[in-house]
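# Fold and contact review
So you can see what is in the structure, the chains are spelled out below.
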Number of protein chains: 2
Amino acid sequence: MSGETNRLTALAQEIMEHPVPREMDVLLSTGEQVTIALLCMALEKRGYRACSFTGGQVRILTDDSHTKARIREIDSSTMRSQIEQGNIVVVAGFQGVDDNGNITTLGRGGSDTTAVALAAALEADECQIFTDVKGVYTTDPKVVESAKLLKTITFEEMLELSSLGAKVLQIRSVEFAGKYKVPLRVLSTFEEGSGTLITLEEETDMEDPAIAGIAFERDEAKLTVAGVPDVPGIAYKVIGPVSEAGIEVDVIVQNAAADGSNDITFTVKRAESDKAKEILDTVATSLKANEVILDRKICKVSLVGVGMRSHAGIASKMFKTLAEENINIEIITTSEIKISVVIEERYLELAVRALHSAFDLGEASSEKVSE
Amino acid sequence: MSGETNRLTALAQEIMEHPVPREMDVLLSTGEQVTIALLCMALEKRGYRACSFTGGQVRILTDDSHTKARIREIDSSTMRSQIEQGNIVVVAGFQGVDDNGNITTLGRGGSDTTAVALAAALEADECQIFTDVKGVYTTDPKVVESAKLLKTITFEEMLELSSLGAKVLQIRSVEFAGKYKVPLRVLSTFEEGSGTLITLEEETDMEDPAIAGIAFERDEAKLTVAGVPDVPGIAYKVIGPVSEAGIEVDVIVQNAAADGSNDITFTVKRAESDKAKEILDTVATSLKANEVILDRKICKVSLVGVGMRSHAGIASKMFKTLAEENINIEIITTSEIKISVVIEERYLELAVRALHSAFDLGEASSEKVSE
């Protein structure tokens, strides 16, 4: 059924460029409704009793923000009664109803989020999401061949990995699962295996590595506005106009110089860097800044792991590893469970492999993949 | 959106030949849901405020006969509140929900029936159904050029005309309109005009013609089982097996002969006549009937009009008219507001034109079409 949302959107746009959101939801929600009916038929054909439900039918109550609604509450009574009768319950994702019974859709990330919300409402042992990958790896197996499939990962680590580019699960569903403490398992639709379990608890094994995985983002660009005055609100004056133009700003660092001036540096997607530069040129003029410098060939590499909290020396080991490879670090940012560095793009693979090896994340080459 | 139901049905049949009816309804109901959303967008684009609702959202309560449900009740409160706010209410036809909130579809004739049911629930002044014809004519304008568009017709007449082949409205919706006394107007989607109003009351004008219109059916075949014993239940023994084979039996006449034997004659669709003949041959043998005669070249012509009740001599005028054209009548059947004759198919146009003229149904050729 892939492509159905595009087909429906095209129908709407034949009529108006910006379709009424309420009606857009009535329209788009039919896509999943078709799917649940067909899935139930397929189950019935294989001899299972199955029953489909739209979001409205199981009262997935949302707010009334059409096309980007958020789930408030789910009434699990209908589902429970069906399950007690031995029926498989198939619920349409991505949709709900507001207080007045209007159909809403959840927007981006809504399908996985529905699954998690249903698991929470049903107090399920686990929510399993079948995708096109076997689970979450220590890093991208395309870059590091020995990348290891993680048996478990914490919600926090998963959130950091997701937003950093390990595109396994819709981030919104991970947040939701973390909030409601729903154990979430990612598995492959196409291959056998137990996938990766995303849990609340940190691995308790003392021998566990401090690092869960290495995430990276290509196609970044770095912008520096040099010599802005060191006054309150200056960061907002620089970053604000860029954000307001719809450009997503990632890593931000600010260095106050001894002479009372400031450099503000941040990264954006490379595709948006020219537009950002243009905006900043105007900003720089009005702020009487020295110059705006654009570096289009950088990338970001991040170590993620809740173990960082208890393991000292992760950062210094990271910097040492990169130094040994003669990789210059341009920006460093840290959070409680993540260290990110911005480096020249051409060193991306080298950096990821060196770090993966330095932190012993890979499968031993002689060892059979356990998974 | 035409062809959508076929597309969805094909999807289901890729999975199973006889899809589960409950899931079939979940699937098929999406067709109208797409349409109502798009219609509302088109209205909004033209500057009208509009709001779409699925059958479930306005609580079109039906029985639980999936794929052929019947409407039991409609809760008009949501619609009334929308209308009071000045919004156009667009409701999905062809669908509802049962007592347990399962989605149902109404099957054949369900869309027009929904419209009538909504009008009844809202106590509307009139239910207007836009079709591809200008309204109901005294007979088929393709056969009789002077056929006149009727300004009004009664439910009873419409029912007789519908079932006889004037395919203007789904008969089920006319029955429903008659039952709930909803004035029903048929209009053209493509041409201006006030169409035909289907009402409860007979035209009160004394000068009104007794006949509302002339209906006809081509492609009929006549079957006679000659010489069956004249005993109770014989008609069922002959007709029963044909009906049970799914063949629709139309006009039925039985003539008891003086010698205690019987001829049973009836008509079927020509396409099904060979199959019917085969069944009857077996029946005839077991009943020791003389023979089974199949005539594949007959048609049926019917005069319809509530005026027949008060106007004498309609039947004799009809027979006289046909006799003057040398048309032999093979079967005659009558009801309170209808006289049907079965004649040779080659006389169909001649008979319809002669009767149309004899009963003064046409527009005077000099007169401008008033409509």
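These numbers were taken from a predicted model, which means no experiment stands behind them. (Residues numbered from 1 in each chain as written. Chains lettered and ligands numbered in written order. Predicted model: local features only at pLDDT ≥ 70, side-chain atom pairs only at ≥ 80, totals over all residues.)

On to the sheet that holds strand β11 (residues 213-229) of chain A. Residue and element names in this part refer to chain A. Ordered in space as β12-β13-β11-β14-β16-β15, the 6 strands form an open sheet in which the pairing is antiparallel. Looking at the sheet topology across the chains shown, the edges are occupied by β12 (249-256) and β15 (329-335). For this sheet, the mean angle separating the axes of adjacent strands, direction not counted, is 30°. Each of β11, β13 (261-269) and β14 (291-304) touches helix α8 (residues 273-287); the most contacted strand, β11, lies at about 25° to it. In the packing of helix α10 (residues 348-358) onto the sheet, the strands contacted are β11, β14 and β16 (338-344), and the crossing angle to β11 comes to about 120°. (Pairing = 2+ DSSP bridges. Helix = DSSP H or I, 4+ residues; strand = E, 2+ residues; numbered from the N terminus. Axes fitted to C-alpha atoms, helices over the stretch in contact; angles between N-to-C directions. Contact = placed C-beta atoms within 7 Å.)

Moving on, we come to the relation of the copies chain A and chain B. With an RMSD of 0.1 Å, chain A superimposes on chain B once it is rotated by 179° and translated 0.1 Å along the axis. Look at the turn and shift together and you get a two-fold axis relating the two. Relative to the rotation axis, the C-alpha of Thr30 of chain A is the closest in chain A, positioned 2.7 Å from it. When the interface residues of chain A are mapped onto chain B, 100% of them again fall at the interface, so both copies present the same face. (Least-squares fit on C-alpha atoms with pLDDT ≥ 70 in both.)

The interface of chain A with chain B comprises 25 residues on the first partner and 25 residues on the second. Mapped by element, the contributors of at least two residues to the side of chain A that touches chain B are α1 (4-15) and α2 (21-45) of chain A. A total of 14 residues in the side of chain A that touches chain B trace back to one element, the largest contributor, which is α2 of chain A. Across the side of chain A that touches chain B, the residue classes tally to 16 nonpolar, 6 polar and 3 charged. (Nonpolar A, V, L, I, M, F, W, Y, C, P; charged D, E, K, R; others polar.)

Considered domain by domain, chain A is made up of domain 1 (1-124) and domain 2 (213-358). Computed over C-alpha atoms only, the centres of domain 1 of chain A and domain 2 of chain A are separated by 40 Å. (Domains from an automatic or database assignment.)

What follows is about helix α6 (residues 171-179) of chain B. All names here are of chain B. For α6, the set of buried residues is Ser173, Val174, Phe176 and Ala177. Angularly, the buried residues of α6 cover 160° about the axis, an arc narrow enough to put them on a single face. Just beyond α6, the residue with positive phi is Lys181, at close to 55°. (Buried ≥ 20, exposed ≤ 12 C-beta atoms within 10 Å, placed from the backbone. Arc of directions from axis to C-beta.)

All names here are of chain A. It is at 8 Å that the axes of helix α4 (residues 110-121) and helix α6 (residues 171-180) come closest, and there the two elements cross at 15°. Considered as vectors, α4 and α6 are oriented roughly parallel to each other. Crossing angle aside, the handedness with which α4 passes α6 is right-handed. Together, Asp112, Thr113, Ala115, Val116, Ala117 and Ala120 of α4 and Arg172, Ser173, Phe176, Ala177 and Tyr180 of α6 make up the contact between the two elements. Of the residues assigned to the contact of α4 with α6, the class counts are 7 nonpolar, 2 polar and 2 charged. (Parallel < 35°, antiparallel > 145°, perpendicular 65-115°, else oblique. Left-handed = near helix turned anticlockwise from the far one by under 90°.)

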